[in-house]
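Spelled out, the chains give:
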Amino acid sequence: MGETQENLGTYDVIIIGSGAAGLTAALELAQSKRVLVLAKGSLTGGSTAWAQGGIAAVLDAGDTFENHVRDTMVAGAGLNDLASVEFVIEGAPKAIDRLCDLGVPFNRDKDSLHLTREGGHSHRRIVHVDDATGWAVQSALLKAAEASPNITMLGGRTAIDFITDRHREKFSAAGRIWGVYALNEETGRVERHTARATILAAGGAGRVYQFSTAPRGATGDGIAMAWRAGARVSNMEMMQFHPTCLYNLEVKNFLITEAVRGEGGRLFHPETGHRFMEDYDKERMELAPRDVVARAIDDQIKRFGLDYVHLDISHQPPEFVREHFPTIHEKLTGLGIDMTAGPIPVVPAQHYTCGGVVVDLMARTDLPGLWAAGECTESGLHGANRLASNSLLECFVFGEAAADDILANWDALEEPPAILPWDESRVSDSDEQVVIKQNWTEIRRFMWNYVGIVRTTKRLERAANRIALLKKEVEDYYGSFVVTTDLIELRNLLQSAELIVRSALERKESRGLHYTMDHPDLAEDIRDTVLVP
Ligand code: FAD
Ligand code: SIN
């Protein structure tokens, strides 16, 4: 048994992830507890920093919670859990107040916050900071966390697996979580981090697809870790594809926010100039929910052999476009595209993981000692398709719920027991890094081609066969060589792919984001796809 680095300091709660969900929980807990936040790579490496459009909240007198609930359930094709939807939507005004208190400089319209509009929303209700809301939110949360004496944040730590009762010096089979083994990316050593409570806030699995708007680290680590530790995972087939990712051979994952369509942007066939949404959703046109618009674009691209379609907002005054979308305008100008004068080439790309680790309204997972919040979870909010700008909101509401539940039950949470160190006795350094690169590329490619926007049973089975082959190879490799972040991510990417394909094969209907040509209709009974380890 190779002795590696010990738990660095003593903390009450460990949080895996420094995005909106993790830092919301950290700030709430830090009022009375010592909190350790671990993040892979940089502290700003998650999706939160990349969010553009904004945060949905009922703040306008003409809008109601009921409207927002209805829009969320319509987008989610009825698969949502009503209690969760109401919980999150009613928690929105408080979440926005707290962000204002932290200094997030939301755009204003005289005395009130400016509200923009996005697809699937019946009212203007998106609070935003220009077209770079995520960066403003991430910065404010980080600043507050850095100022708290009770919060320690360690970037460059890749969580590998939860510490469970299996890792106690004295084995007991209660299935409780006591913290996490994490790779120190700088030293290459594996650290043990233990605490009375652990919160998982590790984001989504978008990078399982070849084309994704998500950052490089979105490899489903949290979902895979929780699954391996014994937690149920639900609705993983519900992968959201954003309709409008920039088509550019150099810049592969730059999002063109839905707010461009919210402020009047229209979609056109690039050769005929036909406004094709007329053929798919005449009433809602470009503001139909994302699954409808993404499928329409996918259909145009496949049917006409196109590389992309056009998104055009150049009918709006140039000043209006520059003022509303300064980040996108600047980025596109740098690429030689003038969005005030002509169209933007766009394609759909994976964008959001609706499924994940099953949690209840207190953010509890199946595993004692483990809470989870944000994109790595399935809380019942999104159902079969997430309504735009509901996900940051979910992070704030469930991040707080996790913290509150831990605080409310603090006295019943035991101190962690003595834990075995990470076992490195049977592994050596790898001399074949190419295996990781090859497998990573292969997974992402077949997931895009076989498990994408439009599916068939045959394609899903093909993907399942490849996953089975790769799984053996990757597990052999994992068991033989010293862990690296690339290897950890590859293992998790493959696990996430398996969960997605298994879930997709189980759903014998087309609902929301899951569209299969073999079962094109809705089934009568509405049920979650719940996988049990
Ligand atoms: P993240 O912000 O993704 O953070 C995950 C954290 O976990 C990171 O700190 C990461 O380093 C860490 N982590 C991951 N794996 C490990 C590991 N193994 N060990 C240690 N740490 C780990 N939603 C909206 O509501 N409105 C929007 O306008 C919007 N725009 C978006 C635009 C883009 C381009 C993208 C990609 C997403 C957008 N979303 C939007 C979705 C939203 O940004 C995310 O769902 C949300 O930010 C997720 O927050 P999170 O805290 O759950 O995870
Ligand atoms: C966007 O700005 O289009 C993204 C909004 C979201 O993903 O919720």
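Conventions used here
Residues numbered from 1 in each chain as written. Chains lettered and ligands numbered in written order. Predicted model: local features only at pLDDT ≥ 70, side-chain atom pairs only at ≥ 80, totals over all residues. Heavy atoms only, no water. Helix = DSSP H or I, 4+ residues; strand = E, 2+ residues; numbered from the N terminus. Rg over C-alpha atoms; globule rule 2.2 N^0.38 Å. Buried < 20%, exposed > 50% of the residue type's maximum accessible area, 1.4 Å probe, protein only. Contact = heavy atoms within 4.5 Å. Areas by Shrake-Rupley, 256 points an atom, 1.4 Å probe, with all protein chains shown as cover. Near = heavy atom within 4 Å. Polar contact = N/O pair within 3.5 Å; in protein donor to acceptor, adjacent residues only side chain to side chain. Nonpolar A, V, L, I, M, F, W, Y, C, P; charged D, E, K, R; others polar. Salt bridge = Lys/Arg side-chain N within 4 Å of Asp/Glu carboxyl O. Disulfide = S-S within 2.5 Å. Pairing = 2+ DSSP bridges. Axes fitted to C-alpha atoms, helices over the stretch in contact; angles between N-to-C directions. Left-handed = near helix turned anticlockwise from the far one by under 90°. Phe/Tyr/Trp six-rings, centres within 6.5 Å; stacked < 30°, edge-to-face > 60°. pLDDT = per-residue confidence, 0-100.

1. Points about the overall build of the chain
Part 1 of the reasoning: Within the chain one finds 14 helices and 21 strands.
Part 2 of the reasoning: For 533 residues, the compact-globule estimate of 2.2 N^0.38 gives 24 Å, and the chain sits close to it at 22 Å.
Part 3 of the reasoning: Judged by the C-alpha coordinates and their principal axes, the chain covers about 70 × 55 × 50 Å.
Part 4 of the reasoning: Residues classed as buried in the chain amount to 59% of the 533 residues present.
Part 5 of the reasoning: Put simply, 74% of the contacts in the chain that link residues at least 6 apart link residues at least 24 apart.
Part 6 of the reasoning: For the chain, the computed accessible surface area is about 20700 Å², with 50% contributed by carbon and sulfur atoms.

2. Observations concerning the site of ligand 2
Part 1 of the reasoning: For ligand 2, the full set of nearby residues is Gln52, Gly53, Glu118, His242, Leu255, Thr257, Glu258, Arg290, His351, Arg386, Ala388 and Ser389.
Part 2 of the reasoning: Arg290 is positioned such that a nitrogen or oxygen atom in its side chain is 3.1 Å from an oxygen atom of ligand 2.
Part 3 of the reasoning: His351 is positioned with one of its side-chain polar atoms (N or O) 2.6 Å from an oxygen atom of ligand 2.
Part 4 of the reasoning: Notes on ligand 2: free accessible area 260 Å², of which the protein chains cover 93%.
Part 5 of the reasoning: Here the residues of the shell around ligand 2 are counted per class, giving two nonpolar, six polar and four charged.

3. Looking at the pattern of salt bridges
Part 1 of the reasoning: This structure, assessed with the given rule, holds 31 salt bridges.
Part 2 of the reasoning: Arg290 serves as the salt-bridge partner of Glu258, at 2.5 Å between the closest nitrogen and oxygen. Remark: Arg290 occurs in helix α8 (residues 290-304) and Glu258 occurs in the loop between β14 (239-246) and α7 (259-262); sequence separation between them is 32 residues.
Part 3 of the reasoning: In this structure, a network of salt bridges that share partners links the residues Lys40, Arg216, Asp221, Asp486 and Glu489.

4. Quick look at the state of the cysteines
Part 1 of the reasoning: Tallied over the full model, the rule gives zero disulfides.
Part 2 of the reasoning: Cys395 provides the cysteine sulfur closest to Cys100, a residue in no disulfide bond, and the two sulfurs are 17 Å apart.
Part 3 of the reasoning: Cys354 takes part in no disulfide bond, and the closest cysteine sulfur, belonging to Cys395, lies 13 Å away.

5. With respect to the sheet that holds β14
Part 1 of the reasoning: On the basis of which strands lie adjacent, the open sheet formed by four strands has the order β14-β17-β16-β15 and antiparallel pairing. The open sheet is flanked by β14 and β15 (266-268), the only strands paired with a single partner. Neighbour to neighbour, the strand axes of the sheet diverge by 45 degrees on average, direction disregarded.
Part 2 of the reasoning: Here β15 runs beside strand β16 (residues 309-312); their pairing, made up of three bridges, is antiparallel. Paired with Phe268 across the bridge in β16 is His310.

6. Quick notes on the packing of helix α1 (residues 20-29) against helix α11 (residues 391-408)
Part 1 of the reasoning: Running from amino to carboxyl end, α1 crosses α11 at an angle of 35 degrees, the nearest separation of the two axes being 8 Å. With respect to the hand of their crossing, α1 and α11 are arranged in right-handed fashion. Contacts from Ala20, Ala21, Thr24, Ala25, Glu28 and Leu29 of α1 reach α11 at Leu392, Cys395, Phe396, Gly399, Glu400, Ala403, Asp404, Ile406 and Leu407.
Part 2 of the reasoning: Class assignment for the residues of the contact of α1 with α11 results in 10 nonpolar, two polar and three charged.

7. Describing the sheet that holds strand β13 (residues 233-234)
Part 1 of the reasoning: Within the open sheet, the four strands sit side by side as β20-β18-β13-β21. Their pairing is mixed. Both edges of this open sheet fall to β20 (377-378) and β21 (530-531), since each of them pairs with a single strand only.
Part 2 of the reasoning: Note: β13 against β21, two bridges, orientation antiparallel. In the sheet register, Val233 faces β21, and the bridge partner there is Leu531.

8. Side note on the site of ligand 1
Part 1 of the reasoning: Taken together, 37 residues sit near ligand 1, with Thr48, Gly54, Ala159, Glu375 and Ser391 positioned nearest.
Part 2 of the reasoning: A distance of 2.7 Å separates a nitrogen atom of ligand 1 from a polar side-chain atom of Ser391.
Part 3 of the reasoning: When ligand 1 is considered free in solution it has 1000 Å² of accessible area, and contact with the protein chains removes 97% of it.
Part 4 of the reasoning: Secondary-structure elements contributing two or more residues to the shell around ligand 1 are α1, β9 (157-164), β17 (344-353) and α11.
Part 5 of the reasoning: Counted by class, the shell around ligand 1 contains 15 nonpolar, 17 polar and five charged residues.

9. Some words on unusual backbone geometry
Part 1 of the reasoning: Its identity is not glycine, yet Asn235 carries a phi of approximately 55 degrees, on the positive side.
Part 2 of the reasoning: With respect to the helices and strands, the residue Asn235 is situated in the loop between β13 and β14.
Part 3 of the reasoning: The exposure class of Asn235 is buried, given its relative accessible area of 0%.
Part 4 of the reasoning: Even without being glycine, Ser389 reaches a positive phi, approximately 65 degrees.

10. Concerning the packing of aromatic side chains
Part 1 of the reasoning: According to the stated counting rule, one finds nine aromatic pairs in the structure shown.
Part 2 of the reasoning: Plain terms: the ring middles of Tyr209 and Trp448 are 6.5 Å apart, the flat faces sit at 80 degrees to each other, and that makes the pair edge-to-face. Highlighted residues: Tyr209 in the loop between β12 (197-200) and α6 (221-229) and Trp448 in helix α12 (residues 434-450), separated in sequence by 239 residues.
Part 3 of the reasoning: A relative accessible area of 0% places Tyr209 in the buried class.

11. Points about the pairing of strand β1 (residues 13-16)
Part 1 of the reasoning: Going residue by residue along β1, you find Val13 and Ile15 tucked away on one face and Ile14 and Ile16 tucked away on the opposite face as well.
Part 2 of the reasoning: Inspection of the sheet shows β1 paired to strand β2 (residues 35-38) by four bridges, in the parallel sense. Residue Val13 lies in a different strand from β2, and its bridge partner there is Val35.

12. What to know about the environment of Arg34
Part 1 of the reasoning: Mapped onto the elements, Arg34 comes out in the loop between α1 and β2.
Part 2 of the reasoning: With 483 residues separating them in the primary sequence, Arg34 and Met517 have C-alpha atoms 52 Å apart.
Part 3 of the reasoning: Dropping the residues within four chain positions of it, Arg34 is found in contact with Thr10, Tyr11, Asp12, Val13 and Asn150.

13. Observations regarding α6
Part 1 of the reasoning: Among the nine residues in α6, seven count as buried, and that is most of the element.
Part 2 of the reasoning: Asp221, Gly222, Ile223, Ala224, Met225, Ala226 and Trp227 are the residues of α6 that are buried.
Part 3 of the reasoning: Residue Gly230 follows α6 closely and has a positive phi angle near 115 degrees.

14. With respect to the side chain of Gln52
Part 1 of the reasoning: Structurally, the position occupied by Gln52 is in the loop between β2 and β3 (55-56).
Part 2 of the reasoning: The exposure class of Gln52 is buried, given its relative accessible area of 8%.
Part 3 of the reasoning: Excluding its chain neighbours within four sequence positions, the residues that come into contact with Gln52 are Asp130, Asp131, Ala132, Thr133, Phe254, Leu255, Ile256, Thr257 and Ile328.

15. Structural notes on the confidence of the model for the chain
If pLDDT is low for a region, its predicted coordinates should not be looked at in detail.
Part 1 of the reasoning: Residue-level pLDDT values for the chain average 94, and 97% of them are 70 or greater.
Part 2 of the reasoning: Segment residues 1-5: pLDDT under 50, and 21 contacts once partners within four positions in sequence are set aside and those in other chains are kept.

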